[in-house]
Amino acid sequence: EFENIPFETLNQINKLKIEHPETTLHLARKSAEMMCKNLFKELLKQDPGTRMLNQLIQELDKAQCLPRLVIVHLFTILGYGNFGSHDQGEESHAVRTEFITPCLLAYIWCLDWYIFAGYA
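Below you will find a few notes about this structure. Here the structure is a predicted model, which is why all the values come from computation and not from measurement.

**Quick word on the overall build of the protein chain**
Scanning the protein chain for helices and strands turns up 5 helices and 0 strands. Across the protein chain, helices and strands are ordered from the amino to the carboxyl terminus as α-α-α-α-α. The buried share of the protein chain, reckoned over its 120 residues, is 38%. Per element, the accessible surface of the protein chain, about 6,900 Å² overall, is 52% carbon and sulfur.

**Remarks on the packing of aromatic side chains**
With the rule as written, the count across this model stands at 4 aromatic pairs. Ring plane angle 35 degrees and centroid distance 6.0 Å describe the contact between Y114 and Y119, whose orientation is recorded as tilted. Comparing Y114 with Y119, the two get one shared label, buried. Pairwise contacts between aromatic rings join Y80, F83 and F99 into one cluster.

**Description of helix α2 (residues 21-44)**
Taking 1.5 Å as the rise per residue, α2 with 24 residues should run 34 Å; its terminal C-alpha atoms sit 33 Å apart, in good agreement. Once α2 finishes, K45 follows within two positions and takes phi at roughly 55 degrees, a positive value.

**Quick look at the nonpolar core**
L66, L74 and I77 are the most contacted members of the largest nonpolar core, which totals 30 residues. The set of elements that each furnish at least two residues to this core consists of α2, α3 (53-62), α4 (68-85) and α5 (97-116). If sequence neighbours within four positions are ignored, I77 has contacts with A28, R29, A32, C103, A106, Y107 and C110.

Calculation rules
Note that residues are indexed from 1 along each chain, following the sequence as it is written. Owing to the predicted nature of the model, reporting of local features is limited to residues with pLDDT of at least 70; listing and counting of side-chain atom pairs is limited to 80 or more, with chain, interface and lining totals taken over all residues. No hydrogens and no water enter the side-chain calculation; it runs on all heavy atoms of the structure. Strands here mean DSSP runs of E at least two residues long; helices mean DSSP runs of H or I at least four residues long; both are numbered from the N terminus. When accessible area is computed with a 1.4 Å probe and restricted to protein chains, residues below 20% of their type maximum are described as buried, those above 50% as exposed, and intermediate ones as partly exposed. Accessible areas in this description were obtained via Shrake-Rupley with a 1.4 Å probe; residue shielding takes into account the shown protein chains only. When two rings of Phe, Tyr or Trp (its six-membered ring) have centres within 6.5 Å they constitute a pair, described as stacked for plane angles under 30 degrees, edge-to-face for angles over 60, and tilted for the intermediate range. Multiplying one less than the number of residues by 1.5 Å gives the expected span of a helix. Here, nonpolar core means buried Ala, Val, Leu, Ile, Met, Phe, Trp, Tyr and Cys residues that are tied together by side-chain atoms lying within 4.5 Å of each other. Note on contacts: a residue pair is in contact if any heavy atoms of the two residues lie within 4.5 Å.

Next comes the structure, spelled out in structure tokens:
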């Protein structure tokens, strides 16, 4: 169900990162959520249901079924994705490609691990 989504999303992210950085953050967060739902099913043998990304990450972390570095990167994606998905008022001007780079690096790192670990 989720297998091809990260690859499709990575292509969208690469196309949008310069002109639409907020959309890029949203897509990275959405893709991370899809990966976490798949990992939740695979590793915890449970239906993720309507859990939000932060809940998924916390439960996967509590079960100690992912490398700590993956958890750190997932929380990075969550933080930046939430920032980009909500009105930031005066700080909205700061959401540029340079700002979103840490999120993109965390996303690529997670996607690389996800593929290498055999979940994609």
